[in-house]
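Below are the chains, spelled out letter by letter.
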Amino acid sequence: MKAARLVALIIVLVLIGAAIWYFFFRQTVPTTAAIDYMKPDGTLATWTISLRSPQPGEGAAASTYERVLYTAVQEVAGPPSDVDAVRFPPGTHVQSVRVDGSLATVDLSNDVARQTGTFGENGEFKALVFTLTSVPGINSVQVLVGGRRLPTLPGGNFELDTPLTRSDW
Amino acid sequence: MSWIRRSLAPTGSALAVALILVIPSVGARGAVVAAQPQNYSVAYQGMTLTFTHILWRSGQRAIGVADPAFAALLHGLGANMTWHAGERDILITTAKPEVISFAIGDLRYDVGRVSAQARIAPFLAGREAYLPLNELLAALSLSPIQVGKTRLLEPQITSLDVRNSGGRTTVNAFAGARLHPRIASQTPARIVYEFDGVGSTLTGTRPIGQGIRDVTVRTQGRPPALRTFVTVDLVANVARVTPSAGPLPTPAGTQVTAVDVIANANNFTIAVAVSGDATYEWHRLAAPDNRFWIDVDGTQLATLGRDDRWTGHVTAVRVHQNAGSVRVALSLADAQSIDVVPSATGVRITVGNAIVANAPRAGNGSIGSDVYANVEPVATPTPAAVSEGPLPASPEVTSTTSPGWKFGPSHPYVPTSPHLIVIDPGHGGSDPGSVRGGVKEKTLTLDIATRLRDVLVSRGWQVRMTRTGDTDVLAPYAEAHPELQARVDVANNAGARLFISIHANIFSDPSVSGTTSFYSKPEDVPLAQDVENTIASALGTRNDGIVKSHLYVTLHAYMPAVLVETAFLSNPGDFAHLNSPAWRQRLAVAIADGIERYAHDNPAPTPPPNE
C-alpha cells in the first residue's frame, strides 16, 4: 500500500514536472515570425509566417542560422502577391546567409541590382534589416550582392558596404 | 526521421536516446539500399527533361536537388533554390514570388502561407537532399499528365490577381511556366486573354469590384492543346488613363528662368534669373508716373508671367514676354531709389526707401557667364582634378568606424565657404537614371538643378554644380561608389555650407506619387524638413515627408545635406508635372525657399575662437 502511494506520488510529480517543462518549452520556442515589408505609403507593415519547430538538440547558433535563412528568403520573396508592397526586383533571391555573432550576412542574387529608385531601395533594405534584426541575437545585417560587398547598387544611392542596423532609418 | 526524434525526445528516457541514435542510421541506410535510381522523362514547354537524380521511397518518387534537369526546370520557371549541404530547409523562391519550403525529415511543406503534408519527407542521400516529386511539381503549379506515350508537365494557372487602380486594370496570372498570353478579343467592356498550352486550377466566375464587374476562367481542349481563357468584364464607363510621354521640351536660347520678389521692411528686391548671357536695358519715368521697367534682350520667359499688386513703395510687379525680350515692370508709389545690379546668372533690382531727386532715367548692362560674378570666388578643385589623385588631407576629417558616418569631421562641421551651396543633379552622362517614355531622370535633374542654381544665385548665394551638362562627374561608366564620392567631394573640398542632390523617383506601382526629402545625419533634418515643407506648400503635390535613409551622398557630405526625390516618373500625374517647365521652375523656387528658410533659422556655424 505504501509502495503504491509512493509510485502514485512519483507519477504525479513527474506529470507536474512535465507540465512545467512543456509550458516553458512552448514559451521559449516561437512558432511564428513577423516579416516586415514597406507599404506604398512608406510605412512598415508585417505579415506572419509559421516556423518549423527546432530539431531536438539543435543548438542556439544553428537555430538562429535556420531562422535567419528562413526569414531572409521569405522577406526577399515578399508578402503574398495580392498585398501592395515595396518588393525586391523580380528574380531577386537569397543565395546564402551567414551568422557571425550578432551580424547576419545575406548574399542576394545580382537581380537586386536592377534599378528600382530610391523609394524602392530604401523600402527593400529597411524591411530586410528590420526583419532580420527581429531574430533574437541579430543586431546588424551586411548585404552582399552576387557574393560581393558593394558600396552601392549600380546606379543606386543606397550605401551597402557597411553593416546596416535599425538606427540607419 | 526527425518526427521520430520529436515524439521521443520529450520523454527524456535512456531508451529513447538509444532509439534516436539507432533509428536514423538504420533508416538512412535503408533509404539508400531501397533506392533504385531511375530516370524520369517529361515533356515541358517543348523540351524533354530527363531527371536522373530520382530515388524511390515508400512507393513515391523523390528528386535530388542537384539534378541538372531539375535546375533547368527551375530556370525555365524563373524560380530559384536556396540550399546548401548541411542545411535543414530547402527553400524555393518562385517567380510569383512565393516561397516553397521543405525541411529534411519533415512531412510538412509550405507553399506561401499554405501548409500541406507530403506523403514522404525530404531526406538526405549522401550530401544531396531529395524532395517528394509529386508534391514539388504541384507546388510549382505543374501537373504531370500522360498523353499517349508522352508524360507531359502541364503548367496550371493557380493564382490570378486582378486589380483596378487609377483607371488601369492589371491582371497577374501565375502558373508553372513563363506565360505568354495574347488578347483573344477586346471591347470597351470586356477583354479576353488566352493562354495556350496552359491549364488552370481556377474555374468559374468571380466578382471583383472597383471598376471590374467579374473575372471568368475557363479551359478548353485537351492536353497538349489545352487553352485557358481569362475574361475580364469591366464596369461601363471606366475611366482609362493613358499617360502621355512626350519629350522634355528643349530650351531654345537664353531664358529668364525665374523672377522672384523678396520684400522686407527696408527694401523690395526683384531677382531675375537668366540662363545664359544677355544684355539688358532699363528705363524709369519721372514723377508722378514713377514707372520702371527693364528689358532683358534676346530672352524667352520660361516661367509664368505675373501681374502682382503690392502695397507700399512698390504697388505692382508685372512680368511678361515682349517680342525678343522679357520685360519686368514696376509701378512705384514715389521716386524711390533703385539699384540695378547684374550678376553672372541674372540681375537684381532693389527698390529702397529713400526718395531720390533727379534719379537716372535709363541704363544698360550685361549679364555675364561667370557664375560667381557678384560673390567671392570659391577655389574648388574640378571633379576631374579630384579624380586624378588622392584627396589632400583635411584637418577636419577623421576616419571612424561608426556606422553610417565613416568619414565625417571630428567636430561640428564649419563651412569654409559659408555662402556656397553645392547642387548635385542626380545621374548624368553614361547613367541616365530612371527612364520613362523617353524622358530621362538625368535630363530632368539637370534642368531642375540649373533652375535652382539660377534662383539661388539671383538671391545672392554662391552655387556650384557637380555637373552643368549631360556628363558623368567622375568618368563615363564609373562604378557608383567613386562616381557618388566625386559628387560629394565637390562639396567637401570646397567647404560648402549645404549639399542638395536632385533626383526623380520611380516605382513599380504607378499610384505611388509625391515628393520625398531623404536625409541621413541629424544635422540634415532641419534642412530636409524646410525643403520638403516649402515644396509641399508651393506645389501642392503629395507630401511624402522626410525620410531617414542610408544614402551615400547624404551620408558622406560633411555638411547638412538632403537628397530630394522631386516626384515619381512612374506616376502619371507626377510625370506630367515633371514634363512641365513651369512646374519645374516652381519646384526650383520652392527648394530655394526651403534652403533660405533653413539658412535663416540656422546660421552658418563659425570656427571656435582658438582656431
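Calculation criteria
- Residues numbered from 1 in each chain as written.
- Chains lettered and ligands numbered in written order.
- Predicted model: local features only at pLDDT ≥ 70, side-chain atom pairs only at ≥ 80, totals over all residues.
- Heavy atoms only, no water.
- Helix = DSSP H or I, 4+ residues; strand = E, 2+ residues; numbered from the N terminus.
- Buried < 20%, exposed > 50% of the residue type's maximum accessible area, 1.4 Å probe, protein only.
- Contact = heavy atoms within 4.5 Å.
- Areas by Shrake-Rupley, 256 points an atom, 1.4 Å probe, with all protein chains shown as cover.
- Phe/Tyr/Trp six-rings, centres within 6.5 Å; stacked < 30°, edge-to-face > 60°.
- Lys NZ or Arg CZ within 6 Å of the ring centre and 35° of its normal.
- Axes fitted to C-alpha atoms, helices over the stretch in contact; angles between N-to-C directions.
- Parallel < 35°, antiparallel > 145°, perpendicular 65-115°, else oblique.
- Left-handed = near helix turned anticlockwise from the far one by under 90°.
- Nonpolar A, V, L, I, M, F, W, Y, C, P; charged D, E, K, R; others polar.
- Buried area = accessible area lost by both parts, 1.4 Å probe.
- Salt bridge = Lys/Arg side-chain N within 4 Å of Asp/Glu carboxyl O.
- Polar contact = N/O pair within 3.5 Å; in protein donor to acceptor, adjacent residues only side chain to side chain.
- Expected span 1.5 Å × (residues − 1).
- Pairing = 2+ DSSP bridges.
- Core = buried A, V, L, I, M, F, W, Y, C linked by side-chain atoms within 4.5 Å.
- pLDDT = per-residue confidence, 0-100.

So, on to the overall build of chain A. Scanning chain A from terminus to terminus reveals three helices and five strands. Going from N to C terminus, chain A has its helices and strands arranged as α-β-β-α-β-β-α-β. Per-residue burial for chain A yields a buried fraction of 50% across its 169 residues. The long-range fraction of contacts in chain A, counting pairs at least 24 apart against all pairs at least 6 apart in sequence, stands at 57%. Summed over all atoms, the accessible surface of chain A reaches about 7,600 Å², with 61% contributed by carbon and sulfur.

A word on the overall build of chain B. When helices and strands are counted, chain B shows eleven helices and 40 strands. Restricting to contacts in chain B with at least 6 residues of sequence separation, those with at least 24 account for 61%. Just so you have it, chain B exposes about 26,700 Å², and 54% of that area is on carbon and sulfur atoms.

Looking now at the packing of aromatic side chains. Residues and elements named next belong to chain B. The final tally for this structure, using the stated rule, is ten aromatic pairs over all chains. Ring geometry for phenylalanine 123 versus tyrosine 130: centroids 5.5 Å apart, planes at 10 degrees, classification stacked. With respect to class, phenylalanine 123 is no different from tyrosine 130; both count as buried. In this structure, arginine 57 is placed above the aromatic ring of phenylalanine 123, and the distance from its NZ or CZ to the ring centre is 4.0 Å. The ring of phenylalanine 575 carries the charged tip of arginine 436 above its face, separated from the ring centre by 4.3 Å.

Here we come to the packing of helix 6 (residues 441–458) of chain B against helix 11 (residues 581–601) of chain B. Residues and elements named next belong to chain B. Taken N-terminus to C-terminus, the directions of helix 6 and helix 11 make an angle of 50 degrees; their axes are 8 Å apart at the nearest point. In terms of axis orientation, helix 6 runs oblique to helix 11. Note that helix 6 runs across helix 11; the crossing there is right-handed. For the pair helix 6 and helix 11, contact is made by Leu444, Asp447, Ile448, Arg451, Leu452, Val455 and Leu456 and by Pro581, Arg584, Gln585, Leu587, Ala588, Val589, Ile591, Ala592 and Ile595, respectively. Along the lines of polarity and charge, the residues of the contact of helix 6 with helix 11 split into twelve nonpolar, one polar and three charged.

What follows is about the interface of chain A and chain B. Facing the 53 residues of chain A at the interface are 57 residues of chain B. When chain A packs against chain B, close to 4,600 Å² is buried across both sides, 53% of that on carbon and sulfur atoms. Considering only the surface of chain A that becomes buried against chain B, Arg52(A), Asn157(A) and Glu159(A) emerge as the three largest contributors, covering 16% of it. For the pair chain A and chain B, the interface holds two salt bridges. Between Asp89(B) and Arg52(A) there is a salt bridge; the shortest N-O distance is 3.8 Å. At the boundary of chain A with chain B, the tally comes to 21 residue pairs in polar contact (both at pLDDT 80 or more). At the level of secondary structure, the elements contributing two or more residues to the side of chain A that touches chain B comprise strand 2 (44–50), helix 2 (60–77), strand 3 (94–100) and helix 3 (117–132) of chain A. Tallying contributions element by element places helix 2 of chain A first for the side of chain A that touches chain B, with seven residues. The residue makeup of the side of chain A that touches chain B, split by class, is 23 nonpolar, 22 polar and eight charged.

Attention now moves to helix 3 of chain A. End to end, helix 3 of chain A covers 23 Å across 16 residues, agreeing with the expected 22 Å (1.5 Å per residue, within 8%). Along helix 3 of chain A, 16 of the 16 residues are buried, which leaves the element largely enclosed by surrounding structure.

Residues and elements named next belong to chain B. With antiparallel pairing, the five strands of this open sheet are ordered in space as 16-17-21-20-19. Sheet topology places strand 16 (182–187) and strand 19 (204–209) at the edges, where each strand pairs with a single neighbour. Ignoring strand direction, the axes of neighbouring strands in this sheet form an average angle of 15 degrees. Across eight bridges, strand 20 (residues 212–220) lies against strand 21 (residues 227–234) in antiparallel orientation. The residue bridging isoleucine 212 from the neighbouring strand is leucine 234, located in strand 21.

Here we take up unusual backbone geometry. Residue and element names in this part refer to chain B. Residue lysine 96 is joined to proline 97 through a cis peptide bond whose omega torsion reads 0 degrees. Following the sequence through the fold, proline 97 ends up in the loop between strand 6 (89–93) and strand 7 (99–103). Phi angles above zero are rare outside glycine, and serine 58 is one such case at about 50 degrees. Tracing the chain through its elements places serine 58 in the loop between strand 3 (54–57) and strand 4 (60–64).

Glancing now at the nonpolar core. Core analysis: the biggest nonpolar cluster contains 59 residues, and Val94(A), Leu108(A), Phe125(A), Val143(A), Leu160(A), Phe499(B) and Met559(B) have the highest contact counts within it. Of the residues forming this core, the biggest block, seven residues, is contributed by helix 2 of chain A. Residue contacts for Met559(B): discarding those within four places in its chain leaves Tyr413(B), Ala491(B), Asn492(B), Ala496(B), Arg497(B), Leu498(B), Phe499(B), Lys521(B) and Asp524(B). Grouped together as the second largest cluster of nonpolar side chains are 43 residues, Ile535(B), Val564(B), Trp583(B) and Ile591(B) included.

Right, let's talk about the sheet that holds strand 23 (residues 267–274) of chain B for a bit. All names here are of chain B. Across the sheet, five strands lie side by side as 26-22-23-31-30; this open sheet has mixed pairing. Since the sheet does not close on itself, it has two edges, and those belong to strand 26 (300–301) and strand 30 (336–343), each with one partner. Note that strand 22 (residues 255–263) and strand 23 share seven bridges and pair antiparallel. Bridging across to strand 23, valine 261 finds its partner in isoleucine 270. Lying on the sheet, helix 6 is in contact with strand 22, strand 23, strand 30 and strand 31 (346–355); it crosses strand 23 at an angle near 145 degrees.

Glancing now at the confidence of the model for chain B. Residue and element names in this part refer to chain B. A residue-level look at chain B finds 81% of positions with pLDDT of 70 or above and a mean pLDDT of 77. Low pLDDT (under 50) marks residues 1–34, which in the prediction has 28 contacts with non-local residues, meaning those over four places away or in another chain. Contacts from residues 369–410, a stretch scored under 50 in pLDDT, to residues over four places away or in other chains number 73 contacts.

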